[in-house]
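Report on the structure
Single-letter residue listing:
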Amino acid sequence: MCGIVGYTGMKKCGNILVNSLRKLEYRGYDSAGIAVSEHGKIKTIKAKGRINDGLVKKLEEAGELDAVTGIGHTRWATHGEPSDVNSHPIGNSRITIVHNGIIENYRKLKSFLTEKGYVFESETDTETVAKLLDYYYTGNPIEAISKAVTDIEGAYALGIMFRDYPDMIYAVRKDSPLIVGIGDGEMYIASDMTALLEYTKQYYLLETGEIAAISKSGAGFCDLHGNKITKNVQTATWDVSEAEKGGFEHFMLKEIHEQPGAVTKTISPRIRDGLPCFEECGLTDEMLRNYHHIFIVACGSAMHAGMVGKYIIESTSRTPVIVDIASEFRYRNPLLSADDLVVIISQSGETADTKAALELANEVGADTLAFVNVVGSSIAREAKMVMFTYAGPEISVASTKAYMVQNALMYLLAFRVALARGAITEDECKKYIAELETIPEKISECLEDLDPYRKAASKLVGADSLLYIGRGLDYALSMEGSLKLKEISYIHSESYAAGELKHGTISLISSGMPVIAVATQRQLLAKTISNMREVKTRGAYVIAICPKGVTIDAESADQIINIPDAGDLLMPLVAVVPLQLIAYYTAVLRGNDVDKPRNLAKSVTVE
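A quick note: this is a predicted structure, and the numbers were derived from the prediction, not measured. (Residues numbered from 1 in each chain as written. Predicted model: local features only at pLDDT ≥ 70, side-chain atom pairs only at ≥ 80, totals over all residues. Heavy atoms only, no water.)

A look at the sheet that holds strand S2 (residues 31-38)
Pairing is antiparallel across the open sheet formed by eight strands, whose spatial order is S3-S2-S4-S1-S10-S9-S11-S15. Of all strands in the sheet, those with a lone pairing partner are strand S3 (41-48) and strand S15 (234-235), marking the two edges. Summarising the sheet, strand S9 (residues 179-182) and strand S10 (residues 187-190) pair through four bridges and their orientation is antiparallel. Among the inter-strand pairings, Val-180 is bridged to a residue of S10, identified as Ile-189. Packed onto the sheet, helix H1 (residues 14-23) meets strand S1 (3-8), S2, strand S4 (69-75) and S10 and runs at close to 155° relative to S1. The strands touched by helix H2 (residues 51-62) are S2, S3 and S4; relative to S3, the strand with the most contacts, the crossing angle is about 140°. (Pairing = 2+ DSSP bridges. Helix = DSSP H or I, 4+ residues; strand = E, 2+ residues; numbered from the N terminus. Contact = heavy atoms within 4.5 Å. Axes fitted to C-alpha atoms, helices over the stretch in contact; angles between N-to-C directions.)

Below, the structure is given as structure tokens:
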């Protein structure tokens, strides 16, 4: 969601703050701003809109800032419409803050502060925090922060500047992420490491309930009672080049092309003697044999990876799997026990609902296994077991390579569960793994000729609505294809189990309406082709995605996209690539901002 940055050092900070904010654009935002300490005063410049359209123009009008300490923010509106006045930083002449999160009791706090004589200018929940800090501030920033956050209910990451301490930045967090970057004679804060890779790879992780006091010479940490805390320095494994476009028009296209390497990096370290190995996280065959239930909990694309996981675990090991949307799971009082395994999937490791589901599972005593892309993230630290997906930074809001490697780990888990429970032999497991190791090559083959995806996109670009259909694993895959298209093209689409068409959905078919049929499961192929004919005879324009060697006649499809055959079980890892590229080229043809689609944020860190 919102992005936070901060800098204090010896360099003029205006450009550093703006550049760091640009690195966080993928988090989603509708306004941006910075505040700096200049000549004994706090100077704030902020504007609605994209950084280049609003903030940069205002900065150019203001002239070069004579400041070496400042904070910055990209806002994703939750309380109050996108506007200059609702933009961050927010505060007064003494204190200003940037905030990521939601203050749940802001109305109560606002009422209290209004009674104390404070006048509110914005519609935001953040302003209550700024004024609460001002209310408690009597010269000691740590004391004011401690008292203020004790009154706050909800999630927050705060970057704070006090006029009386012009060379200092203060930071505190609860649930929302925040790190402290370490430079040479300079220090930083940021929502995530992507903002800082150009400047440093070293950082501290700020934990919930910890306060950081940051100057150019270093950072001190304490708890809410003022007790000092010693923290270990972390080092980012990502390289700055991974967060650049590298000659591609968009990050999304780059990240689609990075998928073969990402799959190899993710599965290779977890294969030993031709078998999947979970030794790194402590997951043993005995544990896998003894679990009563397996739950997979996630949001968005990660949940779709969980759906693929459900199909492959159940088909290979005959073990029932429950897939749940995290925002539903946490509130429906799930039937969990200490004998269950809960697999948590999150690219960022900070997804609010997924994190809450993890906390619930931990409270019950269930074993929790996290598939996470970000080392040091909240979910990675709080899960009992963790496996990292080595996708590298994913900048485009629409997930591609992160989804791909989440699926890759699901396959490793499925094969290990099946082996541990005696559903497959060791030789059969080795055969599955050998086939999995060929997937990067097959993904690369899908990327050799992009024209079929451009052609398909040209048929979708003018559509008002369309359907994705499939059966079995193809249905799980169609869910992800539909989401990708909705996210970046803004065309309404739905994914449906093909066998459900006659139960109502087929009434939506009209002349020229596009239908994308995923038809990779040979045992279900005849049924899927029959469904394709049903929609085509009613005027649909049918685009079929199927393995090479499969014959689909002109009565069933208008365009056929043939992809490398990986066998029914592994086809989702290959067939998702055309779906990603069709969505990508459709969005490009519609002139949309592919990497930063409207209203969306990369990491959903609030409910």
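Side note on the packing of aromatic side chains
Per the stated rule, a full pass over the model turns up 12 aromatic pairs. On the basis of an interplanar angle of 65° and a centroid distance of 6.0 Å, the ring pair of Phe-295 and Phe-329 is categorised as edge-to-face. Residue Phe-295 is found in strand S18 (residues 294-298), and its partner Phe-329 is found in helix H10 (residues 326-329); the two are separated by 34 residues along the sequence. Clustering of aromatic rings is evident, with ring pairs tying together Tyr-137, Phe-162, Tyr-165 and Tyr-170. A cation sits over an aromatic face here: Lys-110 above Phe-120, 5.2 Å from the ring centre. One cation-aromatic arrangement involves Lys-131 over Phe-120; the distance from NZ or CZ to the ring centre is 5.2 Å. (Phe/Tyr/Trp six-rings, centres within 6.5 Å; stacked < 30°, edge-to-face > 60°. Lys NZ or Arg CZ within 6 Å of the ring centre and 35° of its normal.)

Structural notes on helix H17 (residues 473-489)
Because the α-helix completes a turn every 3.6 residues, residues three or four places apart line up on one side. Here H17 contains 17 residues, and its C-alpha end-to-end distance of 24 Å stays within 8% of the 24 Å for a straight helix at 1.5 Å per residue. Burial of H17 is extensive: 15 of the 17 residues sit out of reach of the surface. Immediately downstream of H17, the backbone of Tyr-490 shows phi near 65°, a positive value. (Expected span 1.5 Å × (residues − 1). Buried < 20%, exposed > 50% of the residue type's maximum accessible area, 1.4 Å probe, protein only.)

Examining the sheet that holds strand S5 (residues 90-91)
Taken together, the seven strands give an open sheet; going across it, the order is S5-S6-S7-S8-S12-S13-S14, and neighbouring strands pair in antiparallel fashion. Edge positions in the sheet fall to S5 and strand S14 (228-229), since each has one partner strand and no second. For strand S7 (residues 154-162) and strand S8 (residues 169-174), the ladder comprises five bridges, and the chain directions are antiparallel. Bridging across to S8, Ala-157 finds its partner in Arg-173. Of the strands in this sheet, S5, strand S6 (95-103) and S7 touch helix H4 (residues 126-136), which is tilted by about 135° from S6.

Some words on the domain arrangement of the chain
Taken domain by domain, the chain holds domain 1 (3-236), domain 2 (243-447) and domain 3 (449-591). Facing 35 residues of domain 2, the contacting portion of domain 3 comprises 31 residues. Here domain 2 and domain 3 share an interface that buries about 2,800 Å² over both sides, 73% of which is from carbon and sulfur atoms. By the criterion of area lost to domain 3, the three top residues of domain 2 are His-304, Tyr-311 and Cys-446, representing 21% of everything that side buries. A salt bridge links Lys-548 to Glu-445; the nearest nitrogen and oxygen atoms lie 2.6 Å apart. (Domains from an automatic or database assignment. Buried area = accessible area lost by both parts, 1.4 Å probe. Salt bridge = Lys/Arg side-chain N within 4 Å of Asp/Glu carboxyl O.)

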